[in-house]
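# Fold and geometry: a report
For reference, the chains in residue letters:
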Amino acid sequence: AATVVSVVGAGVLYRSARATDPLLPSVRAIARHFRQVRLGAYFRFSFKIAFDKNVANLFATLPVVFLGRLAPVYLAGYYKLAFSYLQVPMRLTGAISRLLQVQLPQSYAAGPDMLIRHFRKVTIYSGILSACLVSVAVVLAGPLITIVYGAPYEAAAKVVYALVPFALVSGFSVGMGPAFRAIDRVGSVIAINLATLAVVTPVGLWLIWQFHVYGAAAMLGLYTVV
């Protein structure tokens, strides 16, 4: 239902935009030239991006799944709460990454040197910004979690501290995905992530078996660092 509403709304907006911009083609002209579009190339590129995102989501999901199987269930709750808490300051860097999906291809069109220059700046600035936001979140973790969830969840603040390496490295890597997409090397990212999954997962299982919730935090940190 949301998709249908979005399509209808987009059609209305496009029609009003076309009335003020003669360069925009009509819907009939778009349909007439539709067969000339290389759908296969776009589909392959989009499929690789979707596959890569799912592998990245798997990195975040596996520690919770393994923790729920190998440790008391309440520890999985502590871990999930701590992970969700750190996602709040990290949302800003996520927005930066989405903007870079437009900016870095434009930089690459101006030349590889421009892409490298912008990538370095983004890595440094977003990493410093993320470190500042995460530092504030870590200082406030104990009081905020206790106020919102109550004293029984106060122990989750200690898990927040264990997840700090993951948050810091994530802040410095926001430009990584958009950069690989800009140079059309998404397949390389998939290969790297699958190799990381194969190497780190057994180590992470052992860490969770030995150290429970802190092992899960270490597993996620290893995924991110590698």
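Report on the accompanying structure.

Parameters at a glance
Residues numbered from 1 in each chain as written. Predicted model: local features only at pLDDT ≥ 70, side-chain atom pairs only at ≥ 80, totals over all residues. Heavy atoms only, no water. Helix = DSSP H or I, 4+ residues; strand = E, 2+ residues; numbered from the N terminus. Rg over C-alpha atoms; globule rule 2.2 N^0.38 Å. Buried < 20%, exposed > 50% of the residue type's maximum accessible area, 1.4 Å probe, protein only. Contact = heavy atoms within 4.5 Å. Areas by Shrake-Rupley, 256 points an atom, 1.4 Å probe, with all protein chains shown as cover. Lys, Arg positive; Asp, Glu negative; His and termini not counted. Charge placed at Lys NZ, Arg CZ, Asp CG, Glu CD. Phe/Tyr/Trp six-rings, centres within 6.5 Å; stacked < 30°, edge-to-face > 60°. Polar contact = N/O pair within 3.5 Å; in protein donor to acceptor, adjacent residues only side chain to side chain. Expected span 1.5 Å × (residues − 1). Bend = angle between axes of the 7 residues up to and from the residue. Core = buried A, V, L, I, M, F, W, Y, C linked by side-chain atoms within 4.5 Å.

Within the protein, the secondary structure is distributed over 10 helices and zero strands. Secondary structure elements of the protein occur, N-terminal to C-terminal, as α-α-α-α-α-α-α-α-α-α. Against the globule reference of 17 Å for 226 residues, the protein gives a C-alpha radius of gyration of 22 Å, more extended than a compact globule. C-alpha extents for the protein along the principal axes are approximately 65 × 35 × 35 Å. Each of the 226 residues in the protein was classed as buried or not, and the buried ones make up 33%. In the protein, of all internal contacts separated by at least 6 residues, the share reaching a separation of at least 24 is 74%. Surface accessibility of the protein: about 14000 Å² in total, with carbon and sulfur atoms responsible for 69%. Mean positive and mean negative side-chain charge positions of the protein (19 and 5 charges, respectively) differ by 8 Å.

Tallied over the full model, the rule gives nine aromatic pairs. On the numbers, 6.4 Å between centres and 10° between planes, the contact of tyrosine 79 with phenylalanine 83 is stacked. One end of the pair, tyrosine 79, and the other, phenylalanine 83, are both in helix α4 (residues 73-109), four residues apart, so they sit about a helical turn from each other. Each member of the pair, tyrosine 79 together with phenylalanine 83, is buried. In textbook terms, an aromatic cluster arises when at least three aromatic residues are bridged by ring pairs, as seen for Tyr74, Tyr78, Tyr149 and Tyr153.

Its location among the elements puts threonine 123 in helix α5 (residues 112-149). With a relative accessible area of 19%, threonine 123 lands in the buried category. Within the structure, threonine 123 has its side chain in polar contact with the backbone oxygen of phenylalanine 119 (distance 2.8 Å).

Between its first and last C-alpha, helix α9 (residues 186-211) extends 35 Å over 26 residues, near the 38 Å set by a 1.5 Å rise per residue. Along α9, the sharpest change in direction is near 35° and occurs at valine 200; proline proline 202 comes one to four residues later. Where α9 is concerned, the buried positions are Val186, Val189, Ile190, Asn193, Thr196, Leu197, Val200, Thr201, Gly204, Leu207 and Ile208. Looking at the packing, one finds that the buried side of α9 touches α3 (39-70), α8 (176-182) and α10 (213-225).

For the rest of this paragraph, the subject is the environment of lysine 121. Of note, lysine 121 is situated in helix α5. Given the relative accessible area of 43%, lysine 121 is considered partly exposed. Linking lysine 121 and methionine 90, residues 31 residues apart in sequence, is a C-alpha distance of 18 Å.

This part covers the nonpolar core. By size, the foremost hydrophobic cluster in this structure holds 38 residues, and its most contacted members are Leu67, Tyr79, Ile145, Val159, Val160, Leu163 and Tyr223. Within the residue set of this core, elements represented by two or more residues are α3, α4, α5, α6 (156-162), α7 (164-172), α9 and α10. When residues of this core are assigned to their parent elements, the largest contribution, 10 residues, is made by α4. In this structure tyrosine 79 touches Pro63, Val64, Leu67, Val159, Leu163, Val213, Ala216, Ala217 and Leu220, once residues within four positions along its chain are discounted. One finds Leu100, Leu104, Val122 and Ala179 within the second-largest nonpolar core, a separate group that totals seven residues.

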